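Residue strings, one per chain:
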Amino acid sequence: MKAIRRFTVRTVLPERLAALEELATNLRWSWHEPTRQLFAGIEPSVWDEIGHDPIGLLGAVSPARLAELADDAAFVERADSLLAELHAYLREPRWYQGLENAPASLAYFSPEFGIAAALPQYSGGLGILAGDHLKSASDLGVPIIGVGLFYRAGYFRQAISRDGWQQESYPVLDPDGLPLRVLRHPDGRAAMVTLALPDGKALYARIWQLNVGRIPLLLLDTDIPENDDDLRGVTDRLYGGAGEHRLLQELLLGIGGVRAIGIYTELTSTPVPLVFHTNEGHAGFLGLERISDLIGAGLSFAEALQVVRSGTVFTTHTPVPAGIDRFEAPMVERYFSTELLPGVDAADVLALGIEAHEGGDPEMFNMAVMGLRLGQRANGVSILHGEVSRGMFGPLWPGFDNADVPITSVTNGVHAPTWTDPLLLELANSKLGTRDTTSADWRSEAVTDGDLWGVRGAMRAQLVTDARRRVTDAWQEQNPGVQAPDWYNDLLDPNVLTIGFARRVPTYKRLTLMLHDEDRLRALLLHPERPIQIVIAGKSHPADDEGKRLIQRLIEFASEPELRNRIVFLPNYDIAMARLLYPGTDVWLNNPLRPLEACGTSGMKAALNGSLNLSILDGWWAEFYDEENGWAIPSSDATDPAERDRLEAESLYDLIEHQVAPRFYDRGDDGVPTRWVQAIRHTLATLSPELSADRMVREYVNRLYLPAAEAHAEITASSYQPARELAAWKARVTAAWPSVSVTHVESGGVDTVPQVGDTLHLRAHVALGTLTPDDVLVEVVYGRARGEDELLDIQRAPLELETHDLGAAATFGGDMTLARAGSFGYNVRVVPRHPLLASSAELGLIAVME
Ligand SMILES: *Cc1c(COP(=O)(O)O)cnc(C)c1O
């Protein structure tokens, strides 16, 4: 029988168990091992069955069991003391509270949040990163308010058909069964966000609140009776639609999100955020809503833009132009030619996002372009990705070298308490006396090689058990009532070198690179003394048939009878699987096409558990590989893609055959691979502090949030006077710039044959048009000269004003010491100068000696 309606009836807990209610509804349980153990202990089999979800567990446990627990003094005391601990955690001063002049409130917007398996509101890396960001912010006391959407079906659930084809289903979530509550006014009415739409329509959304430790997370939901049927579906699925559906989601996230924060801060007397961080471009419209607010307060669009820019941080996550959201300009125009944003002209909106730059399409509205124009501070997510982003977005700052493009980088991190296996945590706790695995002294002799190897083995065995259970469950779902094949019980071997590979399946990640030479792979899997086994997982985007074919090809290979125990594809990659997969693998494999992996975080999670990485030098690995913590697969510079795949696959096989496997199987008398364990210790000791999301969030605070807050405070002082002046100054400088030029450069002080140590005197004649010398910065730019007109290893030094004829030209001069032998070149550049600019490239204006 099909149910026509579904809802969840919440358990009424015995009074003595009241603590469980609060422990279950604050998501801190998702990374607090003692709380998880408390829930698991209530009914271990149900806990596993229900997928580690406290609310689901409490709903499923029998009243008799609850009554029994209520009579169990030890249990009640444990629950009460965990609740007291939670209350202390929520209130006590933490790292952030020790900072000076730190803003009292910040906002973090993301289209997805991966917090716990029980809350499938993520598709992959971007969402998990957002979840980890909130968790670390909570641990560090950073007062963030998170904002996202509540998707009725989240991302899809993956099953694999008998012929290896990915099948998607969208199980509908029941918010009543989740740790959410509706944000309400004091009179009980649900708080509501409204967006005006074309044709006099409106979109309504209610606001769900989750508590992620100390962090409130607000999720907007359009599935309410106030909306027309088609609009109820706006938040139906994560990345479910394209075009207009997607635009509506992003309007709701950005504009509705800021409105939701307004309601939340008012209802809870929380300070209003001053700094807004947008995780990828999807939430970019948030800046427009804030501009509209400021226009209401009396500023012009241009003035409001300065204020918003000062407090906005934009993080870009993709080095692939195809990964960026773009909308047809006329559609965007239609949505903004309404009452949606009072005071804001559609033309001003379009000007922010249109691809007017070289190589762009002026018919397209680009969310990343808008993000960069609405945020004074922007970053990529690894050092290499920062570099790639500066190149990719360089055309937005014509005339500037890529190095000057104002995009920095903050390398991603992962939340250690979430991603460290409890077995390793227990080892740190018992032998090293700390529950913080990222600062534990893993080199200490208090942990023996045997201890570490023992835990690694136990984690591998855990994965093997989980893999057998997953393929058996998947079989039973596909073949109801038919017994699963016997060999499933022998799937994988808890003693064999285990390689993990799991990720989304876009082409650049090259899921099937390992199949390049099937015979070679077969030989590695079946090696008589040094076999390997491979555990694979990953979802293909539902619309990506190419990705699905890759999965199918892999499954086909993995079903060969002599191989099927050694290579397995696990369906439905998610947080629950990931938590066992990373710790259970000895080696984490990643072979993207460099440099298309912006950061990659799965390898970080593996490393936190002592798994060694085997990866192309891309993303985070390019900056952290140190020859002892794993292996680098060399990238080929072959231009033919097939040749490149061949060369990189060969390197991969060679590394496994000649380095990885021999070291893993090189055992002492005690069965411990000493050199391997050394690498594990080295990885844990050196990488885990660097890879932790705490390090990442601290960096965001120190390098981006605090400077943004300071800039925002400065620009809004004296009733926005500095913002008005900056807007007027930018307009004046932009208008005058066509007549700015470097007309002539004189040099002296160096003989015909310059030598190291000589000092070069420079004087530049600069035409300023209507500008004054104070409006500009004149600099000598110098470095190694290569070819006709290229400078490398560029450095800059300012030239000082020497003479100034009113209304005409000025001269600027200075000295430059020749510090290095070899080819040398220099030029002089003029850029706008203003104390409220975060970068000289900000206006995209530059004049150089031609
Ligand atoms: C960490 C994680 C990802 C992202 O991994 P990448 O290496 O960045 O591709 C995707 N899915 C899940 C479930 C994860 O835990």
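Residues numbered from 1 in each chain as written. Predicted model: local features only at pLDDT ≥ 70, side-chain atom pairs only at ≥ 80, totals over all residues. Heavy atoms only, no water.

As recorded in an unreviewed UniProt entry, the protein goes by glycogen phosphorylase and comes from Glaciihabitans arcticus.

Colleague: Can you walk me through the pattern of salt bridges in this structure?
Modeller: Any two side chains of opposite charge can pair, so long as their charged atoms come close to each other. Tallied over the full model, the rule gives 51 salt bridges. A salt bridge links R553 to E518; the shortest N-O distance between them is 3.3 Å. Of this pair, R553 sits in helix α20 (residues 545-558) while E518 is found in helix α19 (residues 518-525), placing the two residues 35 residues apart along the sequence. When its relative accessible area of 37% is taken as the criterion, R553 is described as partly exposed. What makes E518 partly exposed here is its relative accessible area of 29%. A salt bridge links R522 to E560; its shortest N-O distance comes to 2.9 Å. Of this pair, R522 sits in helix α19 while E560 sits in the loop between α20 and β19 (567-570), and the two are 38 residues apart along the sequence. (Salt bridge = Lys/Arg side-chain N within 4 Å of Asp/Glu carboxyl O. Helix = DSSP H or I, 4+ residues; strand = E, 2+ residues; numbered from the N terminus. Buried < 20%, exposed > 50% of the residue type's maximum accessible area, 1.4 Å probe, protein only.)

Colleague: Before we go on, may I ask you to explain the sheet that holds strand β26 (residues 790-798) in this structure?
Modeller: The strands that make up a sheet pair up through hydrogen bonds in the backbone, lying either parallel or antiparallel. Read across the open sheet, the four strands follow the order β26-β25-β29-β30; overall the sheet is antiparallel. Here the strands that pair on one side only, and so sit at the sheet edges, are β26 and β30 (847-848). When strand β25 (residues 776-786) meets β26, the two strands line up antiparallel, connected through seven bridges. The partner of V781 across the bridge, within β26, is R796. (Pairing = 2+ DSSP bridges.)

Colleague: Just checking my understanding: could you explain the UniProt feature "modified residue: N6-(pyridoxal phosphate)lysine" (unreviewed entry) in the protein for this structure?
Modeller: Here the UniProt feature "modified residue: N6-(pyridoxal phosphate)lysine" (unreviewed entry) sits at K605. Along the chain, K605 turns up in helix α22 (residues 602-608). With relative accessibility at 4%, the residue K605 sits in the buried group. If we ignore the near neighbours within four places in the chain, the residues touching K605 are I128, V414, W419 and Y582. Within polar-contact distance, the side chain of K605 engages the side chain of Y582 at 3.5 Å. (UniProt positions renumbered as here; feature names shortened; annotations may be inferred. Contact = heavy atoms within 4.5 Å. Polar contact = N/O pair within 3.5 Å; in protein donor to acceptor, adjacent residues only side chain to side chain.)

Colleague: Sorry if this is basic, but what is going on with the UniProt feature "domain: DUF3417" (unreviewed entry) in the protein here?
Modeller: Within this numbering scheme, the UniProt entry marks residues 13-119 as carrying the feature "domain: DUF3417" (unreviewed entry). A helix fraction of 54% and a strand fraction of 6% characterise residues 13-119, whose end C-alpha atoms lie 23 Å from each other.

Colleague: I would appreciate a short explanation of the environment of D174 in the present structure.
Modeller: By the element assignment, D174 lies in the loop between β6 (166-169) and β7 (181-182). In this structure the C-alpha to C-alpha distance between D174 and R152, which are 22 residues apart in sequence, comes to 7.7 Å.

Colleague: Got a minute to help me understand the site of the ligand in this structure?
Modeller: Surveying the vicinity of the ligand reveals 15 residues, the closest of which are K509, Y582, T601, S602 and K605. Within the side chain of S602, a nitrogen or oxygen atom sits 2.5 Å from an oxygen atom of the ligand. Within the side chain of K605, an N or O atom sits 2.6 Å from an oxygen atom of the ligand. Within the complex, the protein chains bury 95% of what would otherwise be the 390 Å² of accessible surface of the ligand. Taken together, the elements giving at least two residues each to the shell around the ligand come down to α7 (125-140), α21 (575-584) and α22. In the shell around the ligand, the residues fall into six nonpolar, five polar and four charged. For the shell around the ligand, the two domains that each supply at least three residues are domain 2 (101-409) and domain 3 (487-687). (Near = heavy atom within 4 Å. Areas by Shrake-Rupley, 256 points an atom, 1.4 Å probe, with all protein chains shown as cover. Nonpolar A, V, L, I, M, F, W, Y, C, P; charged D, E, K, R; others polar. Domains from an automatic or database assignment.)

Colleague: Before we go on, may I ask you to explain the sheet that holds strand β18 (residues 532-537) in this structure?
Modeller: The six strands are arranged β19-β18-β17-β20-β21-β22 in an open sheet whose pairing can be described as parallel. Since the sheet does not close on itself, it has two edges, and those belong to β19 and β22 (630-633), each with one partner. Within this sheet the neighbouring strands show an average axis-to-axis angle of 20°, counted without direction. Relative to the sheet, helix α18 (residues 449-478) contacts β17 (497-502), β18 and β19, its axis offset from that of β19 by approximately 65°. Where α19 meets the sheet, it contacts β18 and β19, and its direction lies at approximately 115° from that of β18. (Axes fitted to C-alpha atoms, helices over the stretch in contact; angles between N-to-C directions.)

Colleague: What am I meant to see in unusual backbone geometry here?
Modeller: With the exception of glycine, most residues fall at negative phi, and the peptide bonds are largely trans. A cis amide bond, omega 0°, links R594 with the succeeding residue P595. Mapped onto the elements of the fold, P595 is located in the loop between β20 (587-590) and α22. The residue Y720 is not glycine, and still its phi comes out positive at about 70°.

Colleague: Looking at this model, I keep getting lost on the side chain of S136. Mind explaining?
Modeller: Following the sequence through the fold, S136 ends up in helix α7. The exposure class of S136 is buried, given its relative accessible area of 0%. Those residues within four positions of S136 in sequence are excluded, and the remaining contacts are H415, A693, D694 and V697.

Colleague: Before we go on, may I ask you to explain the pairing of strand β1 (residues 106-109) in this structure?
Modeller: Here is the key point about a regular strand: its side chains alternate between the two faces of the sheet. Residues L106 and Y108 of β1 are buried on one face, and the alternating residues A107 and F109, pointing to the opposite face, are buried as well. As defined by bridge partners, β1 adjoins strand β4 (residues 144-149) across four bridges and the pair is classed as parallel. Paired with A107 across the strands is I145, a residue of β4. Of the strand pairs in this sheet, β1 and strand β11 (residues 275-279) are connected by four bridges, and their pairing is parallel. Across the sheet, Y108 pairs through a bridge with H277, a residue of β11.

Colleague: What exactly am I supposed to notice about the domain arrangement of the protein here?
Modeller: How big an interface is tends to be reported as the loss of accessible area on association of its parts. Domain annotation for the protein reports domain 1 (15-89), domain 2 (101-409), domain 3 (487-687) and domain 4 (740-848). If you average the C-alpha positions of domain 2 and of domain 3, the two centres end up 34 Å apart. Taken together, the 28 residues of domain 2 in the interface contact 33 residues of domain 3. Summing the contributions of domain 2 and of domain 3, the shared interface buries around 2400 Å²; its carbon and sulfur component is 63%. It is Q158, W165 and L384 in domain 2 that bury the most area against domain 3; as a group they hold 26% of the surface buried on that side. Joining domain 2 to domain 3, the criterion identifies one salt bridge. Linking E168 and K548 is a salt bridge whose minimum nitrogen-to-oxygen distance equals 2.8 Å. Along the contact surface separating domain 2 from domain 3 lie nine residue pairs in polar contact (both at pLDDT 80 or more). For the side of domain 2 that touches domain 3, the secondary-structure elements that each account for two or more residues are β5 (157-160), β6 and α15 (383-392). Element by element, the count of residues in the side of domain 2 that touches domain 3 is highest for α15, at four residues. Residues that form the side of domain 2 that touches domain 3 fall into these classes: 16 nonpolar, nine polar and three charged. (Buried area = accessible area lost by both parts, 1.4 Å probe.)

Colleague: Honestly, the packing of helix α11 (residues 301-310) against helix α14 (residues 367-374) in this entry has me stumped. Any pointers?
Modeller: Between two packed helices, both the angle of their axes relative to each other and the distance between the axes serve to describe the pair. At a minimum axis distance of 8 Å, the contact between α11 and α14 shows a crossing angle of 90°. In terms of orientation, α11 and α14 fall into the roughly perpendicular class. The residues of α14 that touch α11, namely those facing L305, V308 and R309, are L372, R373 and L374. (Parallel < 35°, antiparallel > 145°, perpendicular 65-115°, else oblique.)

Colleague: In this structure, what is going on with the side chain of E33? I would like to understand it.
Modeller: Following the sequence through the fold, E33 ends up in helix α2 (residues 33-42). Using a relative accessible area of 15% as the deciding quantity, one classes E33 as buried. With residues up to four places along the chain from it excluded, the contact list for E33 reads P422, L425 and R435.

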